[in-house]
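# An overview of the molecular structure
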Amino acid sequence: MTDNDRPLAVFDLDNTLADTAHRQRFLERSPRDWDAFFAAAPQDPPLAEGVALARESAEECEVVYLTGRPERCRRDTVDWLAAQGLPEGRIWMRRNNDRRPARRTKLEILRDLARTREIRVLVDDDELVCEDAERAGFTVVRARWAATSAALKVAQEREGRT
């Protein structure tokens, strides 16, 4: 079976694979400091449950990453994934000026991917993304192993930032 024949396991990054708790403070102030929030991402500790699930998924699936992080964070993201020993995979990121809700942008990409590949699972911490993906017929694992952040939820849904 070639990589193009393998089903996809789609993983979110923030609070699914990467623990963002140490940088939440940048979202709790007004105005939110998005530059500092994303600049601190390379220091995210890995979330053991998410990392283990990604490695396990790589046995049967091609692992790919779907994040609300802006494109300008690509190099830091690629380096972080490699430093954690996570499977290599394509990364879909938000355009730098895209402020649509994460559930819209992610579902759009999932549907595009599903046109040519089986999506075995989506692993994400955002409840709204998970609900919409399930309604669209995707199998979802809710990443509930990180501390939740009200500021991050607002950022994901209302501000289209992550």
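Below you will find a few notes about this structure. Not measured: the values here are computed from a predicted model. (Residues numbered from 1 in each chain as written. Predicted model: local features only at pLDDT ≥ 70, side-chain atom pairs only at ≥ 80, totals over all residues. Heavy atoms only, no water.)

Glancing now at the overall build of the chain. Broken down by element type, the chain carries 6 helices and 5 strands. Reading the helices (α) and strands (β) of the chain from amino to carboxyl end gives β-α-α-β-α-β-α-β-α-β-α. Here the chain, with 162 residues, has 52% of them falling under the buried criterion. For the chain, the proportion of contacts with a sequence separation of at least 24, taken over those separated by at least 6, is 72%. (Helix = DSSP H or I, 4+ residues; strand = E, 2+ residues; numbered from the N terminus. Buried < 20%, exposed > 50% of the residue type's maximum accessible area, 1.4 Å probe, protein only. Contact = heavy atoms within 4.5 Å.)

Assignment of secondary structure puts Val51 in helix H2 (residues 48-57). Take Val51: its relative accessible area is 7%, and that puts it in the buried class. Residues within four places of Val51 in sequence aside, it is in contact with Leu17, Pro46 and Leu86.

Okay, the pairing of strand S4 (residues 119-124) next. It is a general feature of regular strands that their side chains alternate between the two faces of the sheet. Burial runs high along S4: 5 of the 6 residues are buried. Pairing geometry for S4 and strand S5 (residues 140-142), over 3 bridges, is parallel. Bridged to Val123 within S5 is Val141. Handedness of the crossover joining S4 and S5 through helix H5 (residues 127-135) is recorded here as right-handed. (Pairing = 2+ DSSP bridges. Right-handed = clockwise from strand over helix to strand, strands pointing away.)

Moving on, we come to helix H4 (residues 102-114). In a regular helix each residue adds 1.5 Å, so 13 residues correspond to 18 Å; H4 covers 18 Å between its end C-alpha atoms and thus fits that length. For H4, the set of buried residues is Ala102, Thr105, Lys106, Leu107, Ile109, Leu110 and Leu113. (Expected span 1.5 Å × (residues − 1).)

What follows concerns the packing of aromatic side chains. Summed over all chains, the structure comprises 3 aromatic pairs. Between Trp34 and Phe37 the ring centres are 5.6 Å apart and the planes differ by 80°, which places this aromatic pair in the edge-to-face class. Here the residue Trp34 and the residue Phe37 both occupy positions in helix H1 (residues 34-39), the gap between them amounting to 3 residues, near one helical turn. Comparing Trp34 with Phe37 shows no difference in burial state: the two are buried. Ring centres 5.8 Å apart and planes at 25° place the aromatic pair Trp34 and Phe38 in the stacked group. Of this pair, Trp34 and Phe38 both sit in helix H1, separated by 4 residues, roughly a single helical turn. Here Trp34 matches Phe38 in class, with each residue buried. One aromatic cluster is present, formed by Trp34, Phe37 and Phe38 through successive ring pairs. One cation-aromatic arrangement involves Arg23 over Phe37; the distance from NZ or CZ to the ring centre is 4.3 Å. (Phe/Tyr/Trp six-rings, centres within 6.5 Å; stacked < 30°, edge-to-face > 60°. Lys NZ or Arg CZ within 6 Å of the ring centre and 35° of its normal.)

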